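Architecture and fold: a report
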Amino acid sequence: MRTSSLPSPVRVLVVEDDDTIGRHLETGLRGNGYAPTWSRTGRSALAEATHTAYDVLLLDLGLPDVDGLDVARMLRARFPEQLIVILTARTDDIDIVVGLDAGADDYLVKPFSMTVLLARLRAHLRRRSVAPPAQEPIRLGDLLLDIPARRCSARDVEVELRPKEFELLAVLAQHVGEAVSRETLMADVWDENWFGSTKTLDVTMAGLRRRLADASAATGATALPLITTLRGHGYRLEPPPAP
Ligand code: CA
């Protein structure tokens, strides 16, 4: 018998042995109102999912101990209602077919975009009459970012951002104080695999920084987040200084 408590945030079991992807999923999900738990092995995931009722299982296929497909099969057999989404780097159609046959409800091919993952989760949860978490506006000093409404304001004055500038800021704001790699930004904002060219990212980043500086000048807002460039890695949104 699995324990569950109500009311509670939507529980997600992330089964992923890769540190970078696991951490990205954990912080991204938490930043969007989910309650993630991270398992790094198939065995610990089986124990965890047997003990606790999770609303969703995000399951990597390439695990160090048990094959992700076997984890899916075992859990599907025991808990027919369990929502399972496979995360796979295997792009062969056959793997996806086998994954769905093993009992997965859906799959995402790595590298996937957090935006797409969240959209799929919301759709699956609604279908199962589980209310997806409400996305609260993010306050960063004088800056307020309302992601569902696609609004950004500084001291209550709207900051006009281009669509990709907004999405870039949204991804960084969901990982405030953390390094976010160029690969992650390319996947999250442009839904693209990263093959070396990041000119688009650089241009968009320059635009975003300019708009934040302009907003600061226009509104007198001084407590705005700064974006630090991490050479050879990516960017980090610094929490604004205390007012
Ligand atoms: Ca893996």
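Scoring rules and cut-offs
- Sequence order as written defines residue numbering, which begins from 1 separately in each chain.
- Totals for whole chains, interfaces and linings use all residues, but because this is a predicted model, local features are given only for residues with pLDDT of at least 70 and pairs of side-chain atoms are given and counted only at 80 or more.
- Remark: hydrogens and water are excluded; side-chain values derive from all non-hydrogen atoms of the structure.
- Counting from the N terminus, the helices are DSSP H or I runs at least four residues long and the strands are E runs at least two residues long.
- Where each domain begins and ends follows an automated or database-derived domain assignment.
- Residues are treated as being in contact if the distance between any of their heavy atoms lies within 4.5 Å.
- Once two parts are joined, some of their accessible surface, as seen by a 1.4 Å probe, is lost; buried area is that loss totalled over both.
- By salt bridge we mean one thing: a side-chain nitrogen of Lys or Arg within 4 Å of a carboxyl oxygen of Asp or Glu.
- Two N or O atoms count as a polar contact when they lie within 3.5 Å, although within protein this holds only if one can serve as hydrogen donor and the other as acceptor, and sequence-adjacent residues are included solely when both atoms are side-chain atoms.
- Think of it as three bins: nonpolar holds Ala, Val, Leu, Ile, Met, Phe, Trp, Tyr, Cys and Pro, charged holds Asp, Glu, Lys and Arg, and polar takes everything else, Gly as well.

Here we look at unusual backbone geometry
- Even without being a glycine, Ser-129 presents a positive backbone phi close to 60°.
- Tracing the backbone through its elements, the reader meets Ser-129 in the loop between helix H5 (114–127) and strand S6 (138–140).
- Look at Arg-155: it is not a glycine, yet its phi comes out positive at around 45°.
- Along the polypeptide, Arg-155 turns up in the loop between strand S8 (151–154) and strand S9 (157–158).

Points about the domain arrangement of the protein chain
- Along its sequence, the protein chain is carved into domain 1 (11–129) and domain 2 (138–238).
- Between domain 1 and domain 2, the C-alpha centre-to-centre distance is 28 Å.
- Tallying the contact residues gives ten residues for domain 1 and eight residues for domain 2.
- Each partner contributes to the roughly 790 Å² buried at the junction of domain 1 and domain 2, and carbon and sulfur atoms together form 48% of this total.
- Its largest share of buried area at the contact with domain 2, domain 1 owes to His-24, Thr-27 and Pro-111, together 47% of the area lost on that side.
- Applying the counting rule to domain 1 against domain 2 returns zero salt bridges.
- Remark: the boundary between domain 1 and domain 2 carries four residue pairs in polar contact (both at pLDDT 80 or more).
- Put simply, the parts of the chain that give the side of domain 1 that touches domain 2 at least two residues each are helix H1 (19–31) and H5.
- A per-class count over the side of domain 1 that touches domain 2 returns four nonpolar, six polar and no charged.

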